[in-house]
Amino acid sequence: MSDNTYGTLIDKHTVRFERLLPGPIELVWKYLTDSELRGRWFAGGPMEPRVGGEMNVVFDNSNVGPHPAQPPEKYRKYAGTFDSRHVVTIWEPPHRLGFTWDDDMNPDGSVVEFELTQEGDKVRLVLTHRRVSGVDDAINFSGGWHTHLQMLAEQLEGNPKTPFWTAFDGVEDEYRRRYTGK
């Protein structure tokens, strides 16, 4: 995997990812906001399309990708579905989407923002996850976002070839090395 696919630790509370994806921008927006399409690369669940709207994210990582795959032992508790509740904080179709990232919908917790920009027939996606509690959380979130963004790229390319857990294997270890040197 090339270096430019890895996220960046902006500071100990912020991680940032950039991807150049197949377009058009409206299609990428749909993959961020439509429950069924979002479930193919990240997590399904309803999202009220407005600032202040509720978003119920339903994860099923074992079924993200071309075929089911079981998680490594360390993540066995995530083998089934689980959900979390969030609040939409930014709704600017088809350019910006943001939401809280805490199960209790705490507006003071961490927040996720997607920014989309059309670049020819491609779309630049910038994902920023802010206000994480520290480097350990940044490593955890980076591993997840990195893998989910790989799943999104494969979906948009029309070639979902890698199960989530296969793609995820070892990614957190690489982020730990990158962020801490250990």
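Up top is the structure these notes are about.
As a starting point, this report considers the structure included with it. The numbers attached to residues start from 1 for each chain and follow its sequence in the written order. Residues qualify for local features only when their pLDDT is at least 70, as the model is predicted, and side-chain atom pairs are given and counted only at 80 or more; totals for whole chains, interfaces and linings, by contrast, use all residues. Hydrogens and water are ignored here; the side-chain numbers use all heavy atoms of the structure.

## Things to note about the sheet that holds strand E5 (residues 82–92)
Put simply, the rule reads: Two strands form a pair only when DSSP identifies at least two bridges running between them. Note on conventions: DSSP H or I runs of at least 4 residues are helices, E runs of at least 2 residues are strands, and numbering of each starts at the N terminus. The contact definition used throughout considers only heavy atoms, calling two residues in contact when any of these lie within 4.5 Å. All axes are obtained by fitting lines to C-alpha atoms, using only the stretch in contact for helices, and the reported angles, taken between N-to-C directions, cover 0 to 180 degrees.
Spatial ordering of the open sheet is given by E1-E2-E8-E7-E6-E5-E4-E3, a layout of 8 strands whose pairing is antiparallel. At either margin of the open sheet sits one strand with a lone partner, and together these are strand E1 (8–11) and strand E3 (43–44). In this structure, strand E7 (residues 111–119) lies alongside strand E8 (residues 122–130), joined through 9 bridges in antiparallel fashion. By the bridge assignment, Gln-118 is partnered in E8 with Val-123. Together, E1, strand E2 (14–22), strand E4 (54–59), strand E6 (96–100), E7 and E8 form the strand contacts of helix H3 (residues 135–156), whose direction differs from that of E2 by roughly 5 degrees.

## Some points on unusual backbone geometry
Put simply, the rule is: Three exposure classes are used, based on accessible area relative to the maximum for each residue type with a 1.4 Å probe and protein chains only: buried under 20%, partly exposed in between, and exposed over 50%.
With omega at 10 degrees, the peptide bond leading from Gly-23 into Pro-24 counts as cis. Here Pro-93 and Pro-94 are connected by a cis peptide whose omega angle stands at -10 degrees. For Pro-94, the location among the structural elements is in the loop between E5 and E6. Located in the positive-phi region is Arg-131, a residue other than glycine, with phi close to 60 degrees. Looking at where Arg-131 falls in the secondary structure, it is placed in the loop between E8 and H3. A relative accessible area of 42% places Arg-131 in the partly exposed class.

## A short note on empty space enclosed by the protein
Taking a probe equal in size to a water molecule and rolling it over the atoms shows the remaining empty space. Convention followed: As defined here, a cavity is a set of points on a 1 Å grid over the protein atoms alone where a 1.4 Å probe fits but cannot get out. A pocket is an open set with protein on both sides within 12 Å along at least five of seven lines, and residues line them when an atom is within 4 Å of a point. Grid points are joined across faces, edges and corners, and a volume is the space filled by probe spheres set on the points. Polar here means any residue other than Ala, Val, Leu, Ile, Met, Phe, Trp, Tyr, Cys and Pro, which are nonpolar, and Asp, Glu, Lys and Arg, which are charged; Gly is therefore polar.
Considering all chains together, one arrives at 1 cavity of 30 Å³ or more under this definition. Here the largest cavity is characterised by a volume of approximately 30 Å³. If you trace the largest cavity, you find it lined by Leu-32, Arg-38, Trp-41, Phe-42, Met-47, Met-55, Leu-97, Phe-99 and Phe-114. The class makeup of the residues in the lining of the largest cavity is 8 nonpolar, no polar and 1 charged.

## Some details on the packing of H3 against helix H5 (residues 171–180)
For clarity, the threshold we go by: Put simply, angles under 35 degrees are roughly parallel, angles over 145 are roughly antiparallel, angles from 65 to 115 are roughly perpendicular, and the rest are oblique. We call a crossing left-handed when the near helix sits turned anticlockwise from the far one by less than a right angle, and right-handed when that turn is clockwise.
Where H3 contacts H5, the two axes come as close as 9 Å, and the packing angle between them is 135 degrees. Compared by their axis directions, H3 and H5 come out oblique. The way H3 lies across H5 gives a crossing that is right-handed. For the pair H3 and H5, the contacting residues are Val-135, Asp-136, Ala-138, Ile-139, Asn-140, Ser-142, Gly-143, His-146 and Thr-147 in the first and Val-171, Glu-172, Tyr-175, Arg-176, Tyr-179 and Thr-180 in the second.

## Looking at H3
So the rule is basically this: Each helix should span, by expectation, one fewer than its residue count multiplied by 1.5 Å.
With 22 residues, H3 should cover 32 Å at 1.5 Å per step; its first-to-last C-alpha distance of 31 Å lies within 8% of that length. Of all 22 residues in H3, 18 are buried, a share of seventy percent or more. Remark: Gly-158 follows H3 within two positions and exhibits a positive phi of approximately 75 degrees.

## Observations concerning the pairing of E5
Note: E4 against E5, 6 bridges, orientation antiparallel. Bridge pairing links Glu-54 to Val-87 in E5. The sheet contact formed by E5 and E6 spans 4 bridges and is antiparallel. Bridge pairing in E6 places Glu-92 opposite Arg-96. Hairpin connection, E5 to E6: the antiparallel pair is bridged by 3 residues.

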